[in-house]
Structure formats: structure tokens, C-alpha cells
Amino acid sequence: MKWSSVAVASGLFTSSNALLRFGCSQLTVQRLDPLVNPGLIPSTHLHQIIGGNSFNASMDIKTHDLPTVSTCTTCQFTEDFSNYWTAVLYFKAKNGTYKRVPQRAQQGMEGTNGGMVVYYMSDALFDTAQKSSVTAFKPGFRMLVGDVTYTTRDQARDFRQLTYTCMQNEGTRSPEYVDFPKTTCPSGIMINHRFPTCWDGVNLDSPNHRDHVAYPESGTFESGGPCPSTHPVKIPQILLETVWDTKQFNNKADWPADGSQPFVWSSGDGTGFANHADYVFGWKGDSLQKHLDSHSYVTASTLKTQTIAQQNKCTVKDMVGENFDGWLTKLPGDIMA
Ligand SMILES: *[C@@H]1O[C@H](CO)[C@@H](O)[C@H](O)[C@H]1NC(C)=O
Ligand SMILES: *[C@@H]1O[C@H](CO)[C@@H](O)[C@H](O)[C@H]1NC(C)=O
């Protein structure tokens, strides 16, 4: 049985059993990237960001302590002041103009303003025991998955688990593809980012924000594959699910006549192979480790929650001052796709 049908059949995502799965509403949409373009206002392309409100153009690895500087978070668990971000999806019309695709909340989280659903896992999603020991991230830890310069399927294979799902209905979780769906998707496009699960145990970051983490050396995270000796520390798998609400763009008459698909990333990529996401750890104290050690299929009894209304209230101010909505002749940053 696929996990999605298990979820629906057994109420997997109620608080009675669980792995860590929670909603985070939109914190902000801005052309900022404290990881890849620190201090640059604006950064190269537009991002959509969730998490703690200490998010800023630069977040110094030594001095910017997210739980200390943040006063609120858009995530359901109030100990999580981390930031998570991805590029933004646009629809490219036949006349060459672009319109931002809205995001929507998932079932059970209705009322959440856009954002994403975040998972932390010790073992595969379908493994209810979640019994592996994993080491929570340390303050200052950050990483990037994916590569904004990638344009081919072969390149995209470097990252095993950055995928697109064409949702036929709310429960659709497969198949997952590494490029944009070629057909209209009645319930939107779910884009998944799964981060690597092995850490070198030393570095909180690396020059390309990727080399300090790695995938299992054989098998997969899901099959319990071992970490390589260069990156021996097993860290939780973070999965981000973003649902892009493409409904208003599903009129096939508006799609390109040559059979290609009309969606592009804010970075200018129209293939989907440049899919990427960023993470800056910001859980308070040892709250994440404590939770992981409980091996609960997330009762999350050690964590505090807030309401969706409270999540939606947390935002940051506009630091860039640019219009990224309406029909645009160029993507923010003068990018053409
Ligand atoms: C962002 O950084 C600027 C410049 O360092 C600072 O003035 C501002 O208070 C910071 N904002 C937040 C929300 O931390
Ligand atoms: C371009 O196409 C879109 C979608 O059909 C339409 O809403 C918009 O008004 C058009 N813009 C121009 C300048 O024709």
C-alpha cells in the first residue's frame, strides 16, 4: 500500500501516531538569499520562505542565532525558528508575460497561508517505528540541495530526491518526476525537496553549501543505506512539500502549441532540473534532538504547537521593495525564461 493511502485510511497525520510532520505558512516572498548571496539586496532570483522571523539578507553563521533573534515562527511547532526556502513558480503565458503561481495549504491544514509542509524523519516515511538514531543539526548548520545552474536530466540525477508530482487529487503522491509535468494537473503540482542524510560531523557549512553533507554510500535513506566514512553522521531527513496551485493556468488553450509546458522557476529554468532548496537550522535548544530521541511516529509530546492563525500572523518586512505579482514582462531580477 502506498503511504498516501495508508495516511488517508488510518488518519496517519493525527496526533495519535506520527513522524514529525507540520505545516508552516509563508513568512515572506522576496529576492533574498542569505545562504548563496549573503548581504545582497536583492539576490539573484525570487524565493518563498517559511520559518522564523529573524530571516534576513545575511544571517552570519557565528552570530545570528535564529532562536534568540526570532520573535515568532510561521511553523506549527513554536520551537522551530529555522528557515526553509525554495525558488518561486511562474506561469509563462503565450504572449511571453509571467504570472506568479500561488501556493496552497494541504488537506488538514486549511487556512494556512501558502507555505510548505515540513517533515523530519529518522527512517523512511512509511516506517512507523522511526527507530534509527539520528543526530540533530547544530546551531549554525545550513545546507543547500539542488543546483540552480542545472539544465539536463543527467545533471539532475546528482540529487536523488527533488521531484514533481502532478496532483490528480489531494491524495496524489506519485509518480514523482525530476522535471516539470507535461500535462495539466487538476489539484496542482507538488514539489518535493528531500535533503541529504549524512553529515561530515564537523562543518556547519561548506563553500558550495553542499559538500559537508552526502547521500548514503549504498542503498538509499529509505532502505537504511549506511553513510559513507567521509560523512559518517546520520542526520534526519528533511522533506519539504510545496503545493503550487496551478488551477487558474490549466486551460490547455493557454499552453504552448509545441507541446511543451508553461511553468518556469523564478531562476529562469523551464525544465525543472534546476530545482533547489535551502535550509538554515534554528530549533530552540535541544528540542529537535529530544523529539527525535522519542522515536514517536510524531506524537510530538515534547514540542509546543501554535494555531494556524498565529502562524499566519508571523511575517518579516519587505526589504527589497519590488513587485513580483501581476503579469510581468520579465521575472524579478530581469530574468527571461
Ligand atoms: C536585518 O539586518 C539588518 C541589517 O543588519 C538589521 O538592521 C535588521 O534589524 C535585521 N532584521 C531582522 C528581522 O533581524
Ligand atoms: C498576456 O496573456 C495573459 C494570459 O492570457 C493575459 O492575461 C495578459 O493580459 C496578456 N498581456 C498582454 C500585454 O497582452
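Residues numbered from 1 in each chain as written. Chains lettered and ligands numbered in written order. Predicted model: local features only at pLDDT ≥ 70, side-chain atom pairs only at ≥ 80, totals over all residues. Heavy atoms only, no water.

Draft legend 1. The overall build of the protein chain, seen in detail. A tally of helices and strands in the protein chain yields five helices and 16 strands. Taking 337 residues into account, the globule formula puts the C-alpha radius of gyration at 20 Å, and the protein chain, at 19 Å, falls close to it. By its C-alpha atoms, the protein chain is 55 × 45 × 40 Å across when sized along the principal axes. Buried residues in the protein chain amount to 56% of all 337 residues. Taking as baseline every contact in the protein chain between residues at least 6 positions apart, the subset at least 24 positions apart corresponds to 74%. Summing over all exposed atoms, the protein chain offers an accessible surface of approximately 13,700 Å²; the carbon and sulfur share of this is 53%. Averaging the coordinates of the 28 positive side-chain charges in the protein chain and doing the same for the 31 negative ones gives two points 4 Å apart. (Helix = DSSP H or I, 4+ residues; strand = E, 2+ residues; numbered from the N terminus. Rg over C-alpha atoms; globule rule 2.2 N^0.38 Å. Buried < 20%, exposed > 50% of the residue type's maximum accessible area, 1.4 Å probe, protein only. Contact = heavy atoms within 4.5 Å. Areas by Shrake-Rupley, 256 points an atom, 1.4 Å probe, with all protein chains shown as cover. Lys, Arg positive; Asp, Glu negative; His and termini not counted. Charge placed at Lys NZ, Arg CZ, Asp CG, Glu CD.)

Draft legend 2. View of the packing of aromatic side chains. Within this structure, the stated rule accounts for 23 aromatic pairs. For the pair F22 and F77, a centre-to-centre distance of 5.2 Å together with 70° between the ring planes defines the contact as edge-to-face. Taken together, the residues span a long stretch of sequence, with F22 in strand β1 (residues 20–24) and F77 in the loop between α2 (66–69) and β4 (83–87) at a distance of 55 residues. Each member of the pair, F22 as well as F77, is classed as buried. An aromatic cluster of at least three residues, connected via ring pairs, comprises F22, F77, Y84, Y120, F137, F141, F195, W199, Y279, F281 and W283. (Phe/Tyr/Trp six-rings, centres within 6.5 Å; stacked < 30°, edge-to-face > 60°.)

Draft legend 3. Structural view of the site of ligand 2. Every residue near ligand 2 is listed here: A93, N95, T97 and W327. N95 is positioned such that a nitrogen or oxygen atom in its side chain is 2.4 Å from an oxygen atom of ligand 2. W327 is positioned such that a nitrogen or oxygen atom in its side chain is 3.4 Å from an oxygen atom of ligand 2. Burial of ligand 2 by the surrounding chains reaches 41%, relative to a free accessible area of 360 Å². Classifying every residue of the shell around ligand 2 by side-chain character gives two nonpolar, two polar and no charged. (Near = heavy atom within 4 Å. Polar contact = N/O pair within 3.5 Å; in protein donor to acceptor, adjacent residues only side chain to side chain. Nonpolar A, V, L, I, M, F, W, Y, C, P; charged D, E, K, R; others polar.)

Draft legend 4. Fine view of the confidence of the model for the protein chain. The predicted model of the protein chain has a mean per-residue pLDDT of 92, with 94% of residues at 70 or higher. Contacts from residues 1–18, a stretch scored under 50 in pLDDT, to residues over four places away or in other chains number 28 contacts. (pLDDT = per-residue confidence, 0-100.)

Draft legend 5. Representation of the pattern of salt bridges. Following the criterion strictly, the structure yields twelve salt bridges and no others. Residue R104 pairs with E170 through a salt bridge whose shortest N-O separation is 2.9 Å. One end of the pair, R104, is in the loop between β6 (98–100) and β7 (116–121); the other, E170, is in the loop between β9 (162–166) and β10 (189–194), with 66 residues separating them in the sequence. Among the residues examined, R104 registers a relative accessible area of 16% and is labelled buried. Beyond isolated ion pairs, a larger network of salt bridges with shared partners links R153, D179 and K182. (Salt bridge = Lys/Arg side-chain N within 4 Å of Asp/Glu carboxyl O.)

Draft legend 6. View of the environment of Y164. Its location among the elements puts Y164 in strand β9. Expressed as a C-alpha distance, the spacing of Y164 and I189, which sit 25 residues apart in the sequence, is 6.6 Å. From its side chain, Y164 meets the backbone oxygen of G272 in a polar contact 2.6 Å long.

Draft legend 7. Broad picture of the nonpolar core. Within the largest apolar cluster, 35 residues are counted, with the highest numbers of intra-cluster contacts made by F22, Y84, Y120, F137, Y279 and W283. For this core, the secondary structure elements donating two or more residues are β1, β7, β8 (142–146), β14 (237–244), β16 (276–280) and α4 (287–293). Within the second largest apolar cluster, 26 residues are counted, among which are F180, I191, F249 and F324. (Core = buried A, V, L, I, M, F, W, Y, C linked by side-chain atoms within 4.5 Å.)

Draft legend 8. Molecular detail of the sheet that holds strand β12 (residues 213–214). Taken in spatial order, the three strands line up as β12-β11-β13 in an open sheet, and their pairing is antiparallel. The outermost strands of the open sheet, each flanked by one partner alone, are β12 and β13 (233–234). (Pairing = 2+ DSSP bridges.)

Draft legend 9. Examining the UniProt feature "domain: DUF1996" (unreviewed entry) in the protein chain more closely. The sites that UniProt annotates as "domain: DUF1996" (unreviewed entry) are residues 33–283. Annotated as 3% helix and 24% strand, the span residues 33–283 places its first and last C-alpha atoms 20 Å apart. (UniProt positions renumbered as here; feature names shortened; annotations may be inferred.)

Draft legend 10. Highlighting the sheet that holds β16. With antiparallel pairing, the five strands of this open sheet are ordered in space as β2-β3-β4-β16-β8. Edge positions in the open sheet fall to β2 (26–30) and β8, since each of these has one partner strand only. On average, each strand axis in the sheet is tilted by 15° relative to the strand beside it, whichever way the strands run. In the sheet, β8 pairs with β16 via five bridges, with the strands oriented antiparallel. Considered in β16, the bridge of L144 is made with D278. (Axes fitted to C-alpha atoms, helices over the stretch in contact; angles between N-to-C directions.)

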